[in-house]
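What follows is each chain in one-letter form.
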Amino acid sequence: MSIKSSFRFLAALVLVPGLAGCFASPGGESSSDGGPSGSRLRVALAFPPAENFSPYGADATLLSRLGVTEGLTALDANGAAAPALAESWRRESDRTWRFTLREATFQDGTDVTPSAVADALTRATKAKPVPAALAGVSLDAEADGSRGIRVTTAAADPVLPMRLSSPSLAILSPKAYEKTGAPTPVGTATGPFAITEVDSGGSATLDRFDDYWGGRAHASGIDARFVKDGTARANAVRTGDVDIAEALPVAQAATLDEATLKEAGTTRTTSLQLNTTRGPFKDPKLRAAARTAVDSSVIVKGVFEGYADPGAGIYGPAVTWADSKRVRPKGRADAARPDGRRITLATYDNRPELPEVAQVVQQQLEKAGFTVKLEVREYSRLESDALAGKFDAFIGARNSLLDTGDPVGVLASDYTCDGGYNLALLCDKDVDRAVEKADGTDGTGERQDAAMAAEAAILGTDAVVPLAHQQIIAGVSTKVRGVVLDPYERALVGTGTRR
């Protein structure tokens, strides 16, 4: 990890909690630094809701980044479990934990009670597909007294408090589940901002929730726009149309005033996922041919312009312990000659670098002897086909610590037979055993070692080819205070964000 990357990652940790944004004129009472504290904030986000704001899929992180939803716990700057709706917890046995709730109120005015929390967790366990944080995990939740929740897992789960910090395990009020289908977070969550209006996925209006247990937010609300074009997001910062724009293209970094450009390391990795179930890449020898064809250093230099590190594994340099514990993959197949085999490579354009990455990979694969058709769509129009295995190869960006904060979480959800986000459709008994062993390992260092052994087993199948470990680039108005770039990419709007 470079000195520059280390500094950025540490700076990001020091700065956590989140960012804020919206579209309205300034106003409101003065803050302690003399600026208006009640202004609405304007934010441009890269991804529109893909599942009508369902908390169980990709939209879960969108909700947490907008300050709408919360879980029983959160992740602190070191990636450990920290209090959220639960103010404390204790482990009663290998399989049982008891959480003590703080006094809090749902955005519909009802109290956060043990029975409501238990019901919300139970419903998450029954969601289809299962939330990534619960991949391979069976749990029961029940109320215990006036403030307690007892959670029991089918097998010992040493990282349950971290698991419950996942955005996909947000706690919603009973009203959220009154209609059939996915629950609605509109006016039923617990965060500092409540969704009041959604405009066909193009924008969302949020108002401050004045009864938030953590205190009133500085901003009176958020006006969020979902702008998939990265250049348009950067232009909006330059013209003052938005206060914050996330996920800016690296090509736009040089065009922004230095005072408005913010960057930080993340635990996000861009990877090439190869379909192991059907098509040419069912053959491990052709997967090996694809792996050997790819040169990630070209991608980092030419596409990311240095705002990334070459792909080293599922975990990148922002996971600071990973490099020293990495295990060399064994048992890889020998590469076969592609002989013009036709493949379809897909990616999405919400992250502006990905189509460029895909073009470079396309050229590298074609040079190796593949015939490659490239397909680029907006993410919400691509996800279901990707999960259904309709492409031979898929390039996406994934935060390796997003779902639970536990390094094993992404392995279980993305690379096991029962994984809910298994884009490679990998089902390998050795991988499943390695992930299961890691998941059952207690102790921080020991669990990290087991996770790296499981990573080696996954890389040994050539189902995934790590391409680059990314950095956050955001545009932030000089008028905005309290902005934090979260390396885990769970937070974007916090109570202290203001202009």
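As the structure is a prediction and not an experimental result, all values here were calculated from the model.

What counts and what doesn't
Residues numbered from 1 in each chain as written. Predicted model: local features only at pLDDT ≥ 70, side-chain atom pairs only at ≥ 80, totals over all residues. Heavy atoms only, no water. Helix = DSSP H or I, 4+ residues; strand = E, 2+ residues; numbered from the N terminus. Contact = heavy atoms within 4.5 Å. Areas by Shrake-Rupley, 256 points an atom, 1.4 Å probe, with all protein chains shown as cover. Disulfide = S-S within 2.5 Å. Buried < 20%, exposed > 50% of the residue type's maximum accessible area, 1.4 Å probe, protein only. Phe/Tyr/Trp six-rings, centres within 6.5 Å; stacked < 30°, edge-to-face > 60°. Core = buried A, V, L, I, M, F, W, Y, C linked by side-chain atoms within 4.5 Å. Pairing = 2+ DSSP bridges. Axes fitted to C-alpha atoms, helices over the stretch in contact; angles between N-to-C directions. Arc of directions from axis to C-beta. Polar contact = N/O pair within 3.5 Å; in protein donor to acceptor, adjacent residues only side chain to side chain.

S.K.: Looking at this structure, how should I read the overall build of the chain?
M.R.: Per the secondary structure count, the chain includes 14 helices and 17 strands. Along the first, second and third principal axes, the C-alpha atoms of the chain reach 65 × 55 × 45 Å. Across the chain, every contact between residues at least 6 apart in sequence was considered, and the portion connecting residues at least 24 apart equals 71%. Roughly 19800 Å² of accessible area belongs to the chain as shown, and the carbon and sulfur atoms make up 47% of that amount.

S.K.: Could you clarify how one ought to interpret the state of the cysteines in this entry?
M.R.: Disulfide: a covalent bond formed between the sulfur atoms of two cysteine residues. Counted under the stated rule, the structure contains one disulfide. A disulfide bridge connects Cys 417 with Cys 427, and the sulfur atoms are separated by 2.0 Å. Here Cys 417 and Cys 427 share a disulfide; its torsion about the S-S bond, 100 degrees, makes the bridge right-handed. Of the two residues, Cys 417 is situated in the loop between helix H12 (407-415) and helix H13 (429-439) and Cys 427 in the loop between H12 and H13; the sequence distance between them amounts to ten residues. Given the relative accessible area of 32%, Cys 417 is considered partly exposed. Assessed through its relative accessible area of 55%, Cys 427 is described here as exposed.

S.K.: Can you walk me through the packing of aromatic side chains in this structure?
M.R.: To describe a pair of aromatic rings, you give the distance between the ring centres and the angle between the ring planes. As enumerated under the stated definition, the model contains nine aromatic pairs in all. Here the aromatic rings of Phe 47 and Tyr 379 are separated by 6.0 Å at their centres, their planes lie at 85 degrees, and the arrangement is edge-to-face. On the criterion of sequence distance, the pair formed by Phe 47 in the loop between strand E1 (40-45) and helix H2 (59-65) and Tyr 379 in the loop between strand E15 (371-377) and helix H11 (383-387) is long-range, its members being 332 residues apart. Between the aromatic rings of Tyr 348 and Tyr 379, the centroid separation amounts to 4.9 Å while the plane-to-plane angle is 80 degrees, which identifies the pairing as edge-to-face. A residue pair is termed long-range when its members are at least 10 positions apart, and Tyr 348 in strand E14 (residues 342-348) and Tyr 379 in the loop between E15 and H11 qualify at 31 residues. Relative accessible area serves as the criterion here: at 9%, Tyr 379 is assigned to the buried category.

S.K.: Sorry if this is basic, but what is going on with the nonpolar core here?
M.R.: Membership of the largest hydrophobic core comes to 55 residues, with the highest contact counts inside it found for Leu 66, Leu 72 and Phe 99. The element best represented in this core is helix H3 (residues 114-125), accounting for six residues. If we skip the residues at most four places from it in the chain, Leu 66 touches Val 43, Leu 45, Phe 193, Leu 206, Ile 222, Ala 224 and Val 493. Formed by 51 residues, the second largest nonpolar core is a distinct cluster that contains Ala 234, Leu 256, Val 361 and Val 372.

S.K.: Just checking my understanding: could you explain the sheet that holds strand E5 (residues 96-101) for this structure?
M.R.: Working definition: the strands of a sheet are paired by backbone hydrogen bonds and lie parallel or antiparallel to each other. One open sheet accounts for four strands, arranged E4-E5-E7-E6; its pairing is antiparallel. The open sheet is flanked by strand E4 (86-91) and strand E6 (139-144), the only strands paired with a single partner. Each neighbouring strand pair of the sheet contributes to a mean axis angle of 20 degrees, computed without reference to strand direction. Two strands pair when backbone bridges link them, and E5 and strand E7 (residues 148-153) are joined in this way by five bridges, in the antiparallel orientation. Residue pairing in the sheet places Thr 100 in a bridge with Gly 148 of E7. Against the sheet, H3 engages E5, E6 and E7, with an angle of about 170 degrees to E6.

S.K.: Explanation requested: H13 in the structure shown.
M.R.: Along an α-helix, residues three or four apart share an orientation, since each turn contains 3.6 residues. Buried within H13 are the following residues: Val 431, Val 435 and Ala 438. Seen end-on, H13 carries its buried residues on one side only, within an arc spanning 60 degrees. Among the exposed residues of H13, those oriented more than 90 degrees off its buried face are Lys 429, Glu 436 and Lys 437. On its buried side, H13 packs onto H12 and helix H14 (444-460). At the N-terminal boundary of H13, the capping side chain belongs to Asp 428, with an oxygen 2.9 Å from the backbone nitrogen of Asp 430.

S.K.: Help me understand H12, please; the structure alone is not making it clear to me.
M.R.: Burial analysis of H12 places nine of its nine residues in the buried class, the great majority of the element. Turning to H12, its buried residues are Pro 407, Val 408, Gly 409, Val 410, Leu 411, Ala 412, Ser 413, Asp 414 and Tyr 415. Buried residues along H12 sit in contact with strand E12 (261-274), strand E16 (393-399), H13, H14 and strand E17 (464-476).

S.K.: Help me understand the side chain of Gln 273 in this model?
M.R.: Its location among the elements puts Gln 273 in strand E12. Classification of Gln 273 as buried rests on a relative accessible area of 9%. At 3.0 Å, the side chain of Gln 273 and the side chain of Tyr 415 are in polar contact. Contacts of Gln 273, omitting those with residues within four sequence positions, involve Asp 392, Ala 393, Phe 394, Tyr 415, Leu 423, Ala 424, Ala 463 and Val 464.

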